[in-house]
Amino acid sequence: MAVVSARGERRIQSGHPWVYRSDVVEARAEGGETVVVLGPRRRVLGQALFSDRSQITLRMLTRGERPADDALWRNRLEAAIRFRASLDPDATAYRLVHGEGDLLPSLIVDRYGEYLVVQLLSQGVDRRTGAIVALLVDLLAPAGILARNDPRVRLLEGLDQHVRVLHGTVPDSVVVSDGTLEYDVDLHKGQKTGLFLDQRENRVAAAGYARGRALDAFSYHGGFALRLAGACDEVEALDISAEAAVRIGANAARNGIANVRAREVNVFDELRRLEKAGERYDTIVLDPPAFAKNKAAVEAALAGYKEINLRAMRLLRPGGVLVTCSCSYNVDEPTFQAVLDHAAADAGVTVAVLEKRMQARDHPVLVGVPESHYLKCFILRRVE
Ligand SMILES: C[S@@+](CC[C@H](N)C(=O)[O-])C[C@H]1O[C@@H](n2cnc3c(N)ncnc32)[C@H](O)[C@@H]1O
């Protein structure tokens, strides 16, 4: 069991699933165990996954007297899978379980066709690996399950980093579809679990505005570039990774797309060069990695966001569209919008907001849990 302070109790009652170490006054449990959580007056508040290493000591699974037993895990997994089916995704790769967003804290499950990729990001779910794999096999009968347990966050839990097949076999290369497009994905070594599934719906939205000459900056495997290609005369896809640039070319060829050109460059340098050279675009996408990985990095991150957005706004022709994203959960939507305001002012251009978007619906955002709203995506139009 674990006893929390009055502040911890208020946090749990507000619906937040995390209790930090500073709000846990007593704990009698081993790391990874499921514990009963008591308030300062010994009232039962619910059950939680306990970590003896992380700053996030408790991850709430239930409220009140409801037990966090095997039936709860099965029900929650079933509910998450049912919800994805109800979205009827026009894709064979999408997120099945999004941790806290599915009330299954620190557990990620992504589907790539007949394969599953899981991430077990706390002591609590790591300890339940066998049971989770058994449930997934029972519910989905996948051909293989891969653990992509390489995120650094596992180190904060005192867990090792590894990539390991947990069930069946998982080939080096898996082909998935997204609408009419096909991607060749390396589940073992690709970024995240192989693809950036959280941008799936934003890519479709972006394609709805795209035209003319387009630039996809921070392209990875060409997710936006390939989507835009059908609506544009030409698309330039930029990424700092040589492997990514090669894969963009391969994905374009696989889909018979001839108007996408990939370049291995640093986007910060390249935007400056393009501006100096007087190049202009009708459509630009900015989808950088999370610049603010922690609170200490926020100031530098905001400067980075402002720099690339300012340059992109100058590179846009009047009437052009900028799709600009931030996946730093330490930078909330109002802060990101303020960066865009300042960038437009300094660039000396007028822009209008066409859409404010977020991560795809298979990555649910929980009301009252701001950390769960990590991806911001603004679609802007340069008015003049
Ligand atoms: C969030 S991912 C992009 C996802 C992609 N837009 C998609 O839809 O699949 C960020 C990408 O930026 C690349 N990157 C990071 N820093 C960069 C830089 N300074 N210049 C160019 N690319 C960079 C990474 O290699 C990574 O592929």
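Model, not experiment: these values are computed from the prediction.

Enquirer: Which parts of the structure should I look at to understand the packing of helix H2 (residues 70-87) against helix H4 (residues 129-140)?
Expert: Axis angle and axis distance: for two packed helices, these are the angle between their axes and the distance between the axes, and together they describe the pair. Interhelical geometry of H2 versus H4 gives an angle of 50° and a closest axis separation of 11 Å. One way to sum up the angle between H2 and H4 is to call them oblique. As for how H2 packs across H4, the hand of that crossing is right-handed. Residues Asp70, Trp73, Arg74, Leu77, Glu78 and Ile81 of H2 pack against Ala131, Leu135 and Leu139 of H4. Its residues placed into classes, the contact of H2 with H4 shows 6 nonpolar, no polar and 3 charged.

Enquirer: Which parts of the structure should I look at to understand the environment of Thr283?
Expert: Within the element layout of this structure, Thr283 appears in strand S17 (residues 281-286). Look at Thr283 and you get buried, because 25 C-beta atoms sit within 10 Å. Discounting chain neighbours no more than four positions away, the residues touching Thr283 are Tyr209, Ala210, Arg211, Gly212, Ala214, Leu228, Cys232, Gly320 and Val321.

Enquirer: How do you make sense of the pairing of strand S4 (residues 34-38) when you look at a structure like this?
Expert: Within a regular beta strand, the side chains point alternately toward one face of the sheet and then the other, so they alternate between its two faces. Strand direction decides the pairing type here: strand S1 (residues 2-4) and S4, joined by 2 bridges, are parallel. Residue pairing across strands places Ala2 opposite Val37, the latter belonging to S4. With 5 bridges joining them, S4 and strand S5 (residues 44-50) adopt antiparallel strand pairing. From the neighbouring strand, Val36 faces S5, where its bridge partner is Gln47. What sits between the antiparallel neighbours S4 and S5 is a turn of 5 residues, in which Arg42 has the positive phi angle 65°.

Enquirer: Would you take a moment to explain the sheet that holds S1 for this structure?
Expert: Strand pairing in a sheet takes place through backbone hydrogen bonds and is either antiparallel or parallel in direction. Pairing in this open sheet of 6 strands is mixed, and the strands run S2-S6-S5-S4-S1-S3 from one edge to the other. Where the open sheet ends on each side, the last strands, each with one partner, are strand S2 (18-20) and strand S3 (24-27). Each adjacent strand pair in this sheet contributes to an overall mean axis angle of 35°, direction not counted. Alignment of S5 against strand S6 (residues 56-63), held across 5 bridges, turns out to be antiparallel.

Enquirer: Where do I start with the site of the ligand in this structure?
Expert: Taken together, 21 residues are adjacent to the ligand, and Phe218, Tyr220, Gly223, Ile240 and Asp287 come closest. Across the shell around the ligand, the residue classes tally to 12 nonpolar, 7 polar and 2 charged.

Enquirer: I'm lost on helix H11 (residues 333-347) in this one. Help?
Expert: Residues separated by three or four positions in an α-helix point in the same direction, a consequence of the helix having 3.6 residues per turn. When the terminal C-alpha atoms of H11 are compared, their 21 Å separation across 15 residues agrees well with the 21 Å that a helix rising 1.5 Å per residue should span. Among the residues of H11, Phe336, Val339, Leu340, Ala343, Ala344 and Ala347 are the ones counted as buried. In an axial view of H11, the angular spread of the buried residues amounts to 135°, which keeps them on one side of the axis. Along H11, the residues that are exposed and aim more than 90 degrees away from the buried face are Pro334, Asp341 and Ala345. Buried positions along H11 lie against helix H10 (298-315), strand S18 (316-326), strand S19 (351-358) and strand S20 (376-382). Gly348 sits one or two positions beyond H11 and adopts a positive phi of about 70°.

Enquirer: Help me understand helix H6 (residues 200-207) in this model?
Expert: Taken across its 8 residues, H6 has 6 buried, putting it largely inside the fold. Looking at H6, one finds that the buried residues are Arg200, Glu201, Asn202, Arg203, Ala206 and Ala207.

What counts as what
- Residues numbered from 1 in each chain as written.
- Predicted model: local features only at pLDDT ≥ 70, side-chain atom pairs only at ≥ 80, totals over all residues.
- Axes fitted to C-alpha atoms, helices over the stretch in contact; angles between N-to-C directions.
- Helix = DSSP H or I, 4+ residues; strand = E, 2+ residues; numbered from the N terminus.
- Parallel < 35°, antiparallel > 145°, perpendicular 65-115°, else oblique.
- Left-handed = near helix turned anticlockwise from the far one by under 90°.
- Contact = placed C-beta atoms within 7 Å.
- Nonpolar A, V, L, I, M, F, W, Y, C, P; charged D, E, K, R; others polar.
- Buried ≥ 20, exposed ≤ 12 C-beta atoms within 10 Å, placed from the backbone.
- Pairing = 2+ DSSP bridges.
- Near = placed C-beta within 6 Å.
- Expected span 1.5 Å × (residues − 1).
- Arc of directions from axis to C-beta.

That is the geometry; function is a separate question.
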